[in-house]
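The lines below spell out each chain.
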Amino acid sequence: MRNGSVVFVLVLLISSVAAAQGSHKQSRPSSASVRLPGAAFTSMQKIDPERIRAHVRFLSHDLLEGRGTGQRGGDIAAEYIATQFALYGLRPVGDDGTYWQKVPMVGVTPQPETTFSLAGARGDARNLTPLDDYVAYDQTQQPQSEVEAEIVYVGYGIEAPEYKWDDYKGTDVRGKVLLMLVNEPPSDDVAFFKGKALTYYGRWTYKYEEAARKGAVGAILIHQTEMASYPWEVVRNSNSGEKAYLKLDGSPKLKVASWIQFGVAKQMAASGGMDIDKMMADAHSRDFHPVTLPVKLKAHMVSKIRPFESNNVLAMLPGSDPKLKSEAVLYTAHYDHLGIRPDMPGDNIYNGANDNATGCGILLELARVYSEAVQRPRRSIVFASVTAEEQGLLGSEYLGKHPPVPAGKITLDLNYDDVPPLGSPEEVEVSGAERTTFYPEIEAMAKTFRLTIRPDSRPEAGHYYRSDHFSLARVGIPSFSINEGTKYKGHDAAWGIQQAEEYTSKHYHQPSDEYHPSMDFTGDAAMARFGFALGWEAASQTKLVGWQKGDEFEAARVKSFAGAD
Ligand SMILES: [Zn+2]
């Protein structure tokens, strides 16, 4: 079966490369060429679904205890991956000539002694109940912080010069607590906050970062189910217990990073003689100005602080071109998952077979075939298996801030996360790829592989900002994840959708995301081959990949070029 699929791809590629050349003669200047050199093609053929299976089986074994960040099982997974890199003869590019890049982190757990109250001008105060009324974390990683500050309503809390939008209007918000809405001004115009699609400005992480950059001591996000696209329970569940952060690195942080229930916001506004519905409507206008509420936040933040560390695992295949080898293509896949919960009855190991032993298996198989290639690509290839994705993309964030090759010299990042072992895909998802200058090549390559590019089905949910490639995009590197769509060979589209829904509802982030011998890794191998071909192509091109003009990451790319010289 394995040989059969190789022959299939071979025939496919030859016939479609011929077709592409044929169409080129008919002068279609926009169609990109995707001819892989013979050596690359031979290497790509060696990608073996059964090897991916072996990695997934091991990495999701109960003995690895769910590969928790900072837990023993996570460290064993990192050792396993580093060992494979060593066996392939790849160069270590972590700390001090090792494969490991230490990622220092801090766990913050709000303590019951914390108090959080809204105080009116007449001295009346309302104590809020944690988890029911509000959730809050102290990002400054201090065991205790005091906040007593005026609350300023800043609408969406967005400053986006490219859309001529500024909610702050130069208002000095230093030392204040900012009350704001999640999401972004509603629009159907693609030239304005990308229409229905969510930009990073709409994400709650951006809101906190912008508030901190402006010198605020706190931010309160108003939760409303329709605007957030998820109910309060989601906010509550993902904001209880310990939250991990990268160790402080000098970037500004908030003493209070919080959400409140819509009802609480409504009452707070009313107590100041204001109407929350009108306030929300006002925020839709470009002419919005910040409004100081006659209410103060008085918070006594008490947190348990737990420093810990974990490692990214980094290896490199040096490029063959004396000049271009200082530049690189990056492949990423997170190895961490949710670990083990010893006090939970029954199966308490979060094996994370799909999420993300599959991506690691693909990354390792890519590393193997690249390292065995008789001819190396011109640019270097960096393989990074990152930690703490499940903690909020922390390993990749650290990698983006401390890349082994300067960000301005990394032409492309291809990420793999949760690639289902369901058989042979007829679609590929590369959401975000259309924003890069590499897209014509990607389209041509997809054609060659007979894969239909499946568009992001819910751009308003902002999935692009929720996986590791985003950490690399933030520092300017053109990045996206490669995954299967929902149409598989021998099945109709409904079957694929049903598989995806079943996985999401029954197994995603559950102990039942486990390895089964019946899993079919053909699709994982197909995604690996597709990524191999794209990576080789990007490693060989004369120019570095960039973002499309006007893209939200274009400025970061320009900045990264300045830093790379
Ligand atoms: Zn994942």
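The shown structure was predicted, so the numbers you read here are calculated from the model rather than taken from an experiment. (Residues numbered from 1 in each chain as written. Predicted model: local features only at pLDDT ≥ 70, side-chain atom pairs only at ≥ 80, totals over all residues. Heavy atoms only, no water.)

If you tally the helices and strands in the protein chain, you get 16 helices and 22 strands. Relative to a compact globule of 565 residues, whose C-alpha radius of gyration would be 24 Å, the protein chain shows 24 Å and is just as compact. When the backbone C-alpha atoms are referred to their principal axes, the protein chain occupies close to 80 × 55 × 50 Å. Looking at the protein chain as a whole, 55% of its 565 residues qualify as buried. Taking as baseline every contact in the protein chain between residues at least 6 positions apart, the subset at least 24 positions apart corresponds to 84%. As displayed, the protein chain offers around 23700 Å² of accessible surface, 53% of which is attributable to carbon and sulfur atoms. Measuring between centres, the 60 positive side-chain charges of the protein chain sit 5 Å from its 71 negative side-chain charges. (Helix = DSSP H or I, 4+ residues; strand = E, 2+ residues; numbered from the N terminus. Rg over C-alpha atoms; globule rule 2.2 N^0.38 Å. Buried < 20%, exposed > 50% of the residue type's maximum accessible area, 1.4 Å probe, protein only. Contact = heavy atoms within 4.5 Å. Areas by Shrake-Rupley, 256 points an atom, 1.4 Å probe, with all protein chains shown as cover. Lys, Arg positive; Asp, Glu negative; His and termini not counted. Charge placed at Lys NZ, Arg CZ, Asp CG, Glu CD.)

What follows is about the nonpolar core. Judged by nonpolar contacts, the single largest core of 70 residues is most densely connected at Ile151, Leu179 and Leu297. Of all hydrophobic cores here, the second largest spans 68 residues; its members include Leu366, Leu414, Trp536 and Ala539. (Core = buried A, V, L, I, M, F, W, Y, C linked by side-chain atoms within 4.5 Å.)

Moving on: the coordination of the zinc ion. Note on the zinc ion: its protein donors are His334 (NE2), Asp355 (OD), Asp417 (OD) and Asp417 (OD). The metal-donor distances range over 2.0 to 2.8 Å. Classification of the site at the zinc ion as irregular follows from its four donor atoms and the range of 51 to 152 degrees in their angles at the metal. Written as a sequence motif, the donor residues of the zinc ion are H-x20-D-x61-D. Here Asp417 lies in the loop between strand E18 (410–415) and strand E19 (427–429) and Asp355 lies in helix H10 (residues 353–372), a separation of 62 residues in the sequence. Judged by its relative accessible area of 3%, Asp355 falls in the buried class. (Donors = N, O, S within 2.8 Å, 3.2 Å for Na, K, Ca; no water. Tetrahedral: all angles 85-135°; square planar, octahedral: opposite > 155°, others 65-115°.)

The next subject is the pairing of strand E14 (residues 328–334). Of all seven residues making up E14, seven are buried, and the element is well covered by its neighbours. Here E14 shows two buried faces, one formed by Ala328, Leu330, Thr332 and His334 and the other by Val329, Tyr331 and Ala333. As defined by bridge partners, E14 adjoins strand E17 (residues 380–386) across seven bridges and the pair is classed as parallel. Residue Leu330 lies in a different strand from E17, and its bridge partner there is Val382. Across five bridges, E14 lies against E18 in parallel orientation. Paired with Thr332 across the bridge in E18 is Asn415. (Pairing = 2+ DSSP bridges.)

This next bit is on unusual backbone geometry. Put simply, Asp355 and Asn356 share a cis peptide bond, and its omega is 5 degrees. Examined against the element boundaries, Asn356 turns out to sit in helix H10. You will see that Ala388, though not glycine, has its phi angle at about 55 degrees, which is positive. Relative to the assigned elements, Ala388 resides in the loop between E17 and helix H11 (394–401). Using a relative accessible area of 0% as the deciding quantity, one classes Ala388 as buried. Located in the positive-phi region is His509, a residue other than glycine, with phi close to 55 degrees. One can find His509 in the loop between helix H14 (493–507) and helix H15 (522–540).

What follows deals with the confidence of the model for the protein chain. Chain-level statistics for the protein chain give a pLDDT mean of 91 and a share of 94% at 70 or above. Taken together, the stretch residues 1–31 has pLDDT below 50 and engages in 27 contacts with residues farther than four places along the chain or on a different chain. (pLDDT = per-residue confidence, 0-100.)

Mapping Glu372 onto the fold places it in helix H10. On the basis of relative accessible area, Glu372 is assigned to the partly exposed category, the value being 41%. As for Glu372 and Tyr88, which are separated by 284 residues in sequence, their C-alpha atoms are 7.6 Å apart.

Turning our attention to empty space enclosed by the protein. The gaps of empty space that remain are located by a probe, the size of a water molecule, rolled over the atoms. The full count for this structure, using the stated rule, is two cavities of 30 Å³ or more. Approximately 100 Å³ is the volume attributed to the largest cavity. For the largest cavity, the lining is made up of 14 residues, of which Leu198, Gly202, Met227, Ala228 and Tyr230 are closest to its centre. Here the residues of the lining of the largest cavity sort into eight nonpolar, three polar and three charged. As a volume, the second largest cavity reaches approximately 30 Å³. Around the second largest cavity, the lining residues are Val108, Pro110, Thr114, Ala136, Tyr137, Asp138, Met301, Val302 and Ser303. Elements represented by at least two residues in the lining of the second largest cavity include exactly strand E2 (100–110), strand E5 (134–137) and strand E13 (291–317). Broken down by element, the residue count for the lining of the second largest cavity peaks at three residues, all from E13. Taken together, the residues that form the lining of the second largest cavity break down as six nonpolar, two polar and one charged. (1 Å grid on protein atoms, 1.4 Å probe; cavity = no way out; pocket = protein on both sides within 12 Å on 5 of 7 lines; lining within 4 Å. Points joined across faces, edges and corners; volume = space filled by probe spheres on them. Nonpolar A, V, L, I, M, F, W, Y, C, P; charged D, E, K, R; others polar.)

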